[in-house]
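Chain residues, written in single-letter form:
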Amino acid sequence: MTGTSGDNSGFGRQAGEERGRTFKSANQTLRPEAGTPPPRRSRRARSQFVVFLNFVFSSIVFLVILAGFAFYFGKREFHQPGPSRTAETVMIKPNTGVRQIASLLEREGVISDARIFSLGVRAYGADSELKAGEYAIDAGASMHEIMELLKSGKSVLYSLTIPEGQTVFQVFERIRETEELSGTLPEEMPAEGSLAADTLRFTRGMDRGAVVEKLLEDQQELVDSIWARRDEDLPVKDKNEFVTLASIVEKETGIADERPRVAAVFINRLRKGMRLQSDPTIIYGLFGGQGKPSDRPIYRSDLDKQTPYNTYLIDGLPPTPIANPGRAALEAVANPSQTDELYFVADGTGGHVFAKTLKEHNENVARWRKIERERRAEEENAGENGSN
């Protein structure tokens, strides 16, 4: 009986469990069951402000990375060789900004990107240090090298050479014809002999008037310094006579070693009251600062033409210099050779032969005239042979 009642109780539980179950249809059995729902986000995580901060932070990181790449490639471009395969000359006008300079350099083909140049210059803090001027940019120069060149202000320099013995008129013509200069010359020419014989170095666009002022100042300084060291026994009373005699010496010989000796001849003649009898003074009296035409000889009749500069007819020195003397001629007059010579004449080799007496001088003149006759004969023979 005990066993029977136990089995009945087990059977009852099983039946109850079966009654508590919910039976599914075939469709319900095949339908997938819902998964475990995700945990609910906190209110803080769902805040729009936090979302915005995340966006901002992500953007900053992205921009920093982008800027790093841009800086790296820009710096590499700024320092690597430029695109130009030949040297170029570029003119930067005054008051030109960095942008305009960069655009000009790009147009001239010496840099690859104007923006990189502008940014690079500003990154180096040199945007206010670029100087106007004309610059020679080497082939393949980098943007950094070009920036340093423009900072240095080392512009292209041109030369203007004023030879010794030119007149003021001739110097003005030379300055006027120099295309790299700008502006106009003074309307009134300065005194003869007042411009320095020198080579000036200048940048394109220098004013012509400034060049004249520079030559005037240099000559004045040179004359003053040599005049202060002159032989006190010179037969010249002031600087004008000093420069006048130096200009005659300048025109008489182009050989440096001869100048003190030529100066001594003229000084000896002045001391003895003899006329200088210098051919260059005749030429200046006839043609002025424009000079004698190259194909026009000095005629015997020219010696008899009365001008204030004809030292065959006037006593002493002419009223003004006849050219701009250089340093060597001025030094020669200030401290001439110590000789008794009173004459000199060309020797046929470009120099002169000197004499103390008129007899010696006449013999030298005869030899010179013989040389001239022989040269003319050779030229005539050469002309006849050429025509044949």
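Before any of the text, the structure's been laid out above.
Presented here is a report on the structure given in the accompanying data block. (Residues numbered from 1 in each chain as written. Predicted model: local features only at pLDDT ≥ 70, side-chain atom pairs only at ≥ 80, totals over all residues. Heavy atoms only, no water.)

1. Concerning the overall build of the protein chain
Right, on to step 1. Tallying secondary structure elements over the protein chain gives 13 helices and six strands in all.
Right, on to step 2. Here the protein chain has roughly 24500 Å² of accessible surface; of this, 51% comes from carbon and sulfur atoms. (Helix = DSSP H or I, 4+ residues; strand = E, 2+ residues; numbered from the N terminus. Areas by Shrake-Rupley, 256 points an atom, 1.4 Å probe, with all protein chains shown as cover.)

2. A few points about the packing of helix α5 (residues 114–123) against helix α6 (residues 143–152)
Right, on to step 1. At a minimum axis separation of 10 Å, α5 and α6 run at an interaxial angle of 60 degrees. Put simply, α5 runs oblique to α6. Pair α5 / α6 crosses with right-handed handedness. In this structure, α5 uses Ile 116, Phe 117 and Val 121 to contact α6, whose residues at the interface are Met 143, Ile 146 and Met 147.
Right, on to step 2. Each residue belonging to the contact of α5 with α6 can be placed in one class, and the counts come to six nonpolar, no polar and no charged. (Axes fitted to C-alpha atoms, helices over the stretch in contact; angles between N-to-C directions. Parallel < 35°, antiparallel > 145°, perpendicular 65-115°, else oblique. Left-handed = near helix turned anticlockwise from the far one by under 90°. Contact = heavy atoms within 4.5 Å. Nonpolar A, V, L, I, M, F, W, Y, C, P; charged D, E, K, R; others polar.)

3. Some details on helix α12 (residues 327–334)
Right, on to step 1. When we look at burial in α12, the residues that qualify are Ala 329, Leu 330, Ala 332, Val 333 and Ala 334.
Right, on to step 2. Packed against the buried residues of α12 are α8 (208–227), α9 (239–252) and α10 (259–272). (Buried < 20%, exposed > 50% of the residue type's maximum accessible area, 1.4 Å probe, protein only.)

4. Description of the side chain of Glu 241
Right, on to step 1. Along the chain, Glu 241 turns up in helix α9.
Right, on to step 2. Ignoring sequence-local partners within four residues, the contact set of Glu 241 consists of Pro 235, Val 236 and Leu 317.

5. Concerning a negative patch on the surface
Right, on to step 1. A cluster of acidic side chains, namely Glu 374, Glu 378, Glu 379 and Glu 380, defines a negative patch on the protein surface.
Right, on to step 2. By secondary structure assignment, the location of Glu 374 is in helix α13 (residues 358–387).
Right, on to step 3. Residue class for Glu 374 comes out partly exposed when judged on its relative accessible area of 42%. (Patch = residues over 30% accessible without salt bridge, like charges linked within 9 Å, V, L, I, M, F, W, Y side chains within 5 Å. Salt bridge = Lys/Arg side-chain N within 4 Å of Asp/Glu carboxyl O. Lys, Arg positive; Asp, Glu negative; His and termini not counted. Charge placed at Lys NZ, Arg CZ, Asp CG, Glu CD.)

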